[in-house]
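A structural walkthrough
Chain by chain, the residues:
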Amino acid sequence: MTEQVIADVKQWIAEAEQLIIERLQTPLHVEEKTSQADIVTNVDKGVEAFFVKKITTHYPQDGILGEEGIAEPVTSMDGRVWIIDPIDGTLNFAKQQDHYCMMLALYDNQQPVVGFIYDVPRRELLWGGPSMGVYCNDKAITEVNPDTLADGIISVNTHMFVDNRYRVREIAMDALAVRMTGCAGIGFKEVILGKQNAYISMLAPWDYAPGMAIAAGLGIKTTPLNGEPFTFKERVPVLVAAENTHQEIEKYL
Ligand code: IPD
Ligand code: CA
Ligand code: CA
Ligand code: CA
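Thresholds, definitions, all that
Residues numbered from 1 in each chain as written. Chains lettered and ligands numbered in written order. Predicted model: local features only at pLDDT ≥ 70, side-chain atom pairs only at ≥ 80, totals over all residues. Heavy atoms only, no water. Donors = N, O, S within 2.8 Å, 3.2 Å for Na, K, Ca; no water. Helix = DSSP H or I, 4+ residues; strand = E, 2+ residues; numbered from the N terminus. Buried < 20%, exposed > 50% of the residue type's maximum accessible area, 1.4 Å probe, protein only. UniProt positions renumbered as here; feature names shortened; annotations may be inferred. Contact = heavy atoms within 4.5 Å. Core = buried A, V, L, I, M, F, W, Y, C linked by side-chain atoms within 4.5 Å. Domains from an automatic or database assignment.

Turning next to the coordination of the calcium ion (ligand 3). Protein coordination at the calcium ion (ligand 3): the donors are Asp 85 (OD), Asp 88 (OD) and Asp 207 (OD), at 2.1 to 2.3 Å from the metal. Between the two metals, the calcium ion (ligand 3) and the calcium ion (ligand 2), the spacing is 5.4 Å. On the criterion of sequence distance, the pair formed by Asp 85 in strand β4 (residues 80–88) and Asp 207 in helix α7 (residues 205–216) is long-range, its members being 122 residues apart. Accessibility classification places Asp 85 together with Asp 207 in one group, the buried group.

Set out below in structure tokens:
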């Protein structure tokens, strides 16, 4: 069953990539949601509609939770639920056509089955889950970054850094260096690939669910900074980090 899911999603992502390439031939339609920095484009909606159609056709019994609300969202995480972030890093996508990704995850009774992060500009598909390991373009990833905070690069959410929420500015200043990419999927990807050793941000379920599922395949922990369990409802402060750095950062809280 899971093998079929993996094969299907890989195919859907390849088709969605073509959809993005085609839609980028004409000017983007950009709408503001809550501010000039919180936007949605016709591509976000088109990609989500594409994934929703695939899921409802192939897995009609499953629930869906998508950022743009194309499908009627689930009211609970009971049973199998697909979580979709059609374009993660929409502001980067609109302004730079870089540093963005597509993300999908499948959860079963709140437990991660498999997650997918497709870095579109780099054509890198990161996927995996707790019972299947982690792969980048089908090459197995087995190593976890062993760096301590002082030896590694971390990435953080700009607002949390500026306001020093959860002591993020202090944590960042104690790291070797800090980056702010503005794309949750890339934050997770860098930690999972061992290029950075922590990512801290305020995230909605579609921002953290795919990366959390993949990270679990390497034993990398994704935890809420507020100590509350993940409910897959509201936006929460999230830490994902390799073991050494995770332990160090927890001491700041
Ligand atoms: C956003 C990005 C950003 C994070 C925001 C998210 P979107 O996702 O992942 O890095 O800081 O919290 O909302 O809206 O571009 O999919
Ligand atoms: Ca958004
Ligand atoms: Ca997102
Ligand atoms: Ca999005």
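Moving on from the model shown.
Moving on, we come to the coordination of the calcium ion (ligand 4). The protein atoms donating to the calcium ion (ligand 4) are Glu 67 (OE), Asp 85 (OD) and Ile 87 (O), with metal-donor distances spanning 2.1 to 2.3 Å. Within one chain, the residues serving as donors to the calcium ion (ligand 4) are arranged as E-x17-D-x1-I. Between the calcium ion (ligand 4) and the calcium ion (ligand 2), the interatomic distance is 4.0 Å, and Glu 67 donates to each metal, bridging them.

Glancing now at the UniProt feature "binding site: Mg(2+)" (unreviewed entry) in the protein chain. With numbering aligned to this structure, UniProt lists the feature "binding site: Mg(2+)" (unreviewed entry) at Glu 67, Asp 85, Ile 87, Asp 88 and Asp 207. What stands out for the annotated residues spanning 141 residues is how close their C-alpha atoms remain, the widest pair being 10.1 Å apart. Relative to the helices and strands, Glu 67 resides in the loop between β3 (63–66) and β4. Beyond its immediate stretch of four places on either side in the chain, Glu 67 contacts Lys 33, Glu 48, Ile 84, Asp 85, Pro 86, Ile 87 and Trp 206. Note that Ile 87 resides in strand β4. For Ile 87, the residues in contact, after removing those within four places along its chain, are Ile 20, Val 43, Asp 44, Glu 67, Phe 93, Tyr 100 and Cys 101.

Moving on: the nonpolar core. Counting residues in each nonpolar core, the largest one holds 36 residues, and the members touching the most others are Ile 83, Tyr 107, Phe 188, Ile 192, Tyr 208 and Phe 232. Secondary structure elements with two or more residues in this core: β4, β5 (101–108), β8 (133–136), α6 (184–192), β12 (198–203), α7 and β14 (236–241). When residues in this core are grouped by element, the largest group, 7 residues, is from α7. When residues of this core are assigned to domains, at least three fall in each of domain 1 (1–141) and domain 2 (149–251). The next biggest cluster of nonpolar side chains, apart from the first, holds 33 residues, and it includes Ala 16, Ile 20, Ile 64 and Tyr 118.

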